[in-house]
Amino acid sequence: MLDSTLPLWIAHRGAGKLAPENTLAAFRLGAAHGFRAFECDVKLSADGVPFLLHDDTLDRTSDRHGVAGALPWSALSRVDAGGWHGPAWAGETLPTLDAIARWVIANGHGLNLEIKPTTGLERETGRAVGRACAELWRRAATPLLLSSFKPEALEGASETAPQIARALLLDKLWTGWFEAAQALGCVAVVTNHRCMDAALLARLHGAGMRGLCYTVNEPADVRRLLGLGIDGLITDAVDRYPAAAAADAA
Ligand code: G3P
Ligand code: MG
């Protein structure tokens, strides 16, 4: 199993909301604020290239419209994924998983890679991302944790990259989540912070799993979760918690 133990503080979508999400510029900004671990969302182009984007469509975070996964990488590579956030970011491109992997590995950072399939392509996306990560991290020592809200995506990743650790993402505690996480061989569960409490964290720890939370931005929520002994905090507020992230890395 590759190392999957991330620092406590993890920058959401690269640098949360301070830079265009899921771009290399966002990762660089997160790192400039002291973050040493990053979360981002990965899906497939129509010709199978893993790249970073949160939504199914390009509408919210680029200068184009429509379902991103319907386009080949030759078209996606020309999309402006920065100008929507502000003129300073214009021209920023959609990063490939390959590019992000090179950057995190070269800089010794940890990555929580959320498999965010285009709707209907859950297993295929998990399989392709697993295959790509197995190759990209073949000689790397930096931590990598794959996660997804979609059990089929995690199943796909376990088929092509059983040695890369998996985490089930939960927005709600749906019936059967615990059994699903165990059946998927998850080393961790990442919940909406509102779901997390002492009993849930104790249940996870008792089963040998870690408990992480997203998206934790408010100081009161940070205090509550740290008091529980949480294993990871995914945050947008990279400018609010930079000292904590730097201390975490020391
Ligand atoms: O991976 C944690 C978090 O990113 C899940 O929610 O919608 O921001 O991808 P979302
Ligand atoms: Mg995400």
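Every chain is numbered on its own, with residues counted from 1 as its sequence reads. Naming scheme: in the order in which they are written, chains are lettered from A and ligands are numbered from 1. Side-chain atom pairs in this predicted model are given and counted only at pLDDT of 80 or more, local residue features only at pLDDT of at least 70, and totals for whole chains, interfaces and linings cover all residues. In computing side-chain values, all of the structure's heavy atoms are included and hydrogens and water are not.

Asker: Give me the lowdown on the overall build of the protein chain, citing residues and values where you can.
Answerer: Per the secondary structure count, the protein chain includes nine helices and nine strands. In terms of principal-axis extent, the alpha carbons of the protein chain reach across some 45 × 40 × 35 Å. To sort residues, take the accessible area from a 1.4 Å probe on protein chains only and compare it with the maximum for the residue type: under 20% means buried, over 50% means exposed, and anything in between is partly exposed. Buried positions account for 55% of the 250 residues belonging to the protein chain. Contacts in the protein chain between residues at least 24 apart in sequence constitute 56% of all its contacts with a sequence separation of at least 6. All accessible areas in this document rest on Shrake-Rupley with a 1.4 Å probe, and a residue is counted as covered only by the protein chains that are shown. Accessible surface computed for the protein chain: about 10,100 Å², of which carbon and sulfur atoms make up 54%. In DSSP terms, a helix is any run of H or I states spanning at least four residues, a strand is any run of E spanning at least two, and both are numbered starting from the N terminus. Contacts are assigned to residue pairs with any non-hydrogen atoms lying within 4.5 Å of each other.

Asker: Describe in detail the site of ligand 1, supporting the description with residues and values.
Answerer: Around ligand 1 sit H12, R13, E39, D41, H54, E114, K116, F149, L169 and Y214, and that is every residue in its neighbourhood. We call two N or O atoms a polar contact when they sit within 3.5 Å, provided that within protein one can donate a hydrogen and the other can accept it, with sequence-adjacent residues counted only if both atoms are side-chain atoms. At 2.8 Å, a side-chain N or O of R13 approaches an oxygen atom of ligand 1. At a separation of 2.6 Å, an oxygen atom of ligand 1 approaches a polar side-chain atom of E39. Think of it this way: one heavy atom of a residue within 4 Å of a molecule or strand is enough to make that residue near it.

Asker: Go over the environment of W84, please, and point to the residues and values.
Answerer: Turning to its location among the elements, W84 is positioned in the loop between α2 (73-76) and α3 (97-106). Separated by 25 residues in the primary sequence, W84 and D59 place their C-alpha atoms 9.8 Å from one another. Non-local contacts of W84, meaning those with residues more than four positions away in its chain, are made with P20, E21, R60, T61 and S62. For W84, the side chain forms a polar contact with the main-chain oxygen of T61, separated by 3.1 Å.

Asker: Tell me about the pattern of salt bridges, and name the residues and values.
Answerer: Any Lys or Arg side-chain nitrogen located within 4 Å of an Asp or Glu carboxyl oxygen qualifies as a salt bridge. Inspection of every chain in the model, using the stated rule, returns 11 salt bridges. A salt bridge links E155 to R123; the shortest N-O distance between them is 2.6 Å. One end of the pair, E155, is in helix α5 (residues 151-160); the other, R123, is in helix α4 (residues 122-136), with 32 residues separating them in the sequence. Taking the relative accessible area as the measure of exposure, E155 reaches 32% and is therefore partly exposed. With a closest N to O distance of 3.7 Å, R240 and E218 form a salt bridge. Highlighted residues: R240 in the loop between β9 (232-235) and α9 (242-249) and E218 in the loop between β8 (210-214) and α8 (219-228), separated in sequence by 22 residues. Since its relative accessible area comes to 45%, R240 is described here as partly exposed. Overlapping salt bridges, with partners in common, bring together R13, E21, D55 and R60 in one network.

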